[in-house]
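Working through the structure, step by step
Residue strings, one per chain:
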Amino acid sequence: MKRIINYIWPVLLCFGIGFAASKLQAESMVEWYPHLNKSGLTPPNIAFPIAWSIIYLLMGLSLGRVLNKGYKTGVFIWAVQLVLNFLWSILFFTMRMPVWGMVDILLLDASVIWFMMAVSKKDKPALYMFIPYILWLVVATYLNGYIVINN
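The text that follows walks through the structure, step by step, so that each part is easy to find. Quick caveat, the model's predicted, so the values are computed rather than measured.

1. Some words on the overall build of the chain
Counting its secondary structure elements, the chain contains 6 helices and 0 strands. Along its sequence from the N terminus, the chain presents helices and strands in the succession α-α-α-α-α-α. Dimensions along the principal axes, computed over C-alpha positions, put the chain at roughly 50 × 25 × 25 Å. Burial analysis of the chain (151 residues in total) assigns 45% to the buried set. Sequence-distant contacts, at least 24 apart, represent 78% of the contacts inside the chain between residues at least 6 apart. Surface summary for the chain: the accessible area is close to 8,200 Å², and the carbon and sulfur share equals 74%. Taken as two groups, the 11 positive and 5 negative side-chain charges of the chain have centres that lie 17 Å from each other.

Here it is in structure tokens:
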């Protein structure tokens, strides 16, 4: 039972963070974000909740594997990246500070890579579950940078 709970609570935590972030972003998504100069590579708005739902699911499952392995350093790094993930939403959307959002997303990129490197020797599936996340972050980092430069 404990092994199953080690998967359930991280997934619920990720979706809870995602829900909280979306609530904090809502006003900016209507009033501010549409008026920014964005890259032609910006996906349609519907892509974001779909992508983040998949990413949050995989993030939670990845942490479940790390918890079941008893890898405390992996748990710590995972927590750091989740805090940075949430902080990006606050900085970029709620506070409308794209430059600080850019700083945060670069730290987020580094923390996700740090996590992937840390678990690569401990648990390959936990590593593989983070591949869509890092790929999405590459795109998000580019999009954030584009907004910083062009606004």
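2. With respect to the pattern of salt bridges
Applying the stated criterion across every chain, the model contains 4 salt bridges. The partner of glutamate 27 in a salt bridge is arginine 96, with the nearest N and O atoms 3.7 Å apart. In this pair, glutamate 27 sits in helix α1 (residues 2-31) while arginine 96 sits in the loop between α3 (72-94) and α4 (98-120), placing the two residues 69 residues apart along the sequence. One salt bridge in this structure joins glutamate 31 and arginine 96, with 3.6 Å as the shortest N-O distance.

3. A word on a nonpolar patch on the surface
Together, Met1, Ile4, Ile5, Ile8, Trp9, Leu12 and Leu13 give the surface a local cluster of nonpolar side chains, amounting to about 730 Å² of exposed area. Here leucine 12 shows up in helix α1.

4. Some words on the packing of aromatic side chains
Applying the stated criterion across every chain yields a total of 15 aromatic pairs. Ring geometry for phenylalanine 15 versus tyrosine 56: centroids 6.3 Å apart, planes at 65 degrees, classification edge-to-face. Of the two residues, phenylalanine 15 is situated in helix α1 and tyrosine 56 in helix α2 (residues 47-69); the sequence distance between them amounts to 41 residues. Seen in terms of ring centroids, phenylalanine 48 and tryptophan 136 are 5.7 Å apart; in terms of plane orientation they differ by 75 degrees. Their pairing is edge-to-face. Highlighted residues: phenylalanine 48 in helix α2 and tryptophan 136 in helix α6 (residues 131-150), separated in sequence by 88 residues. Assessed through its relative accessible area of 16%, tryptophan 136 is described here as buried.

5. A closer look at the packing of α2 against α6
It is the contact of α2 with α6, at a shortest axis distance of 9 Å, that shows an interaxial angle of 145 degrees. Seen along the crossing, α2 lies across α6 with a hand that is left-handed. Across the interface between the two elements, Ala47, Phe48, Ala51, Trp52, Ile55, Leu58 and Met59 of α2 pack against Pro132, Tyr133 and Trp136 of α6. Tallied by class, residues from the contact of α2 with α6 come to 10 nonpolar, no polar and no charged.

6. Let's talk about the side chain of asparagine 144
Here asparagine 144 shows up in helix α6. The class for asparagine 144 is buried, based on a relative accessible area of 2%. At 2.7 Å, the side chain of asparagine 144 and the side chain of tryptophan 88 are in polar contact. Polar contacts involving the side chain of asparagine 144 include one to the main-chain carbonyl oxygen of proline 98, which spans 3.3 Å. Residues in contact with asparagine 144, not counting those within four places in the same chain, are Trp88, Phe92, Pro98, Gly101, Met102 and Ile105.

7. A closer look at α1
For α1, with 30 residues, the first-to-last C-alpha span of 45 Å sits near the 44 Å given by 1.5 Å per residue. In α1, a bend of some 45 degrees at glutamine 25 exceeds every other bend along the element. Regarding α1, the residues found buried are Asn6, Pro10, Val11, Cys14, Ile17, Gly18, Ala21, Gln25 and Ser28. Buried residues along α1 sit in contact with α2 and α3.

Conventions we followed
- Every chain begins its residue count from 1, and numbering advances along the sequence as written.
- Totals for whole chains, interfaces and linings use all residues, but because this is a predicted model, local features are given only for residues with pLDDT of at least 70 and pairs of side-chain atoms are given and counted only at 80 or more.
- Where side-chain values are given, they derive from all heavy atoms of the structure, hydrogens and water being excluded.
- Only DSSP runs of H or I reaching four residues or more are called helices, and only runs of E reaching two or more are called strands; each is numbered from the N terminus.
- Buried means the residue's accessible area, taken with a 1.4 Å probe over protein chains only, is under 20% of the maximum for its type, while exposed means over 50%, and partly exposed covers the values in between.
- Any pair of residues with heavy atoms lying within 4.5 Å of one another is described as a contacting pair.
- Computed with a 1.4 Å probe, the accessible areas rest on the Shrake-Rupley method; for each residue, only the protein chains presented here act as cover.
- Counted charges follow a simple rule, with Lys and Arg positive, Asp and Glu negative, and His plus the chain ends left uncounted.
- Every charge is mapped to an atom, namely NZ of Lys, CZ of Arg, CG of Asp or CD of Glu.
- Any carboxyl oxygen of Asp or Glu that lies within 4 Å of a side-chain nitrogen of Lys or Arg is treated as forming a salt bridge with it.
- Patch members must show over 30% relative accessible area and no salt bridge, and they are joined within 9 Å when carrying like charges or within 5 Å when they are nonpolar side chains of Val, Leu, Ile, Met, Phe, Trp or Tyr.
- Stacked, tilted and edge-to-face are the three classes applied to pairs of Phe, Tyr and Trp rings, where Trp contributes its six-membered ring and a pair requires centres within 6.5 Å; stacked means planes under 30 degrees apart, edge-to-face means over 60, and tilted covers the rest.
- Where helices are involved, their axes are fitted lines through C-alpha atoms of the stretch in contact, as for all axes, and angles between N-to-C directions lie from 0 to 180°.
- For any pair of crossing helices, the crossing counts as left-handed if the nearer helix is rotated counterclockwise from the farther one by less than a right angle, and right-handed if it is rotated clockwise.
- Gly counts as polar in this scheme, as do all residues outside two lists: the nonpolar Ala, Val, Leu, Ile, Met, Phe, Trp, Tyr, Cys and Pro, and the charged Asp, Glu, Lys and Arg.
- Definition of a polar contact: a pair of N or O atoms within 3.5 Å, with one able to donate and the other able to accept a hydrogen when the atoms are protein atoms, and with sequence-neighbouring residues admitted only if both atoms are side-chain atoms.
- The span one expects for a helix is its residue count, reduced by one, times 1.5 Å.
- We define the bend at any residue as the angle between the axes fitted to the seven residues before and including it, ending there, and the seven starting there.

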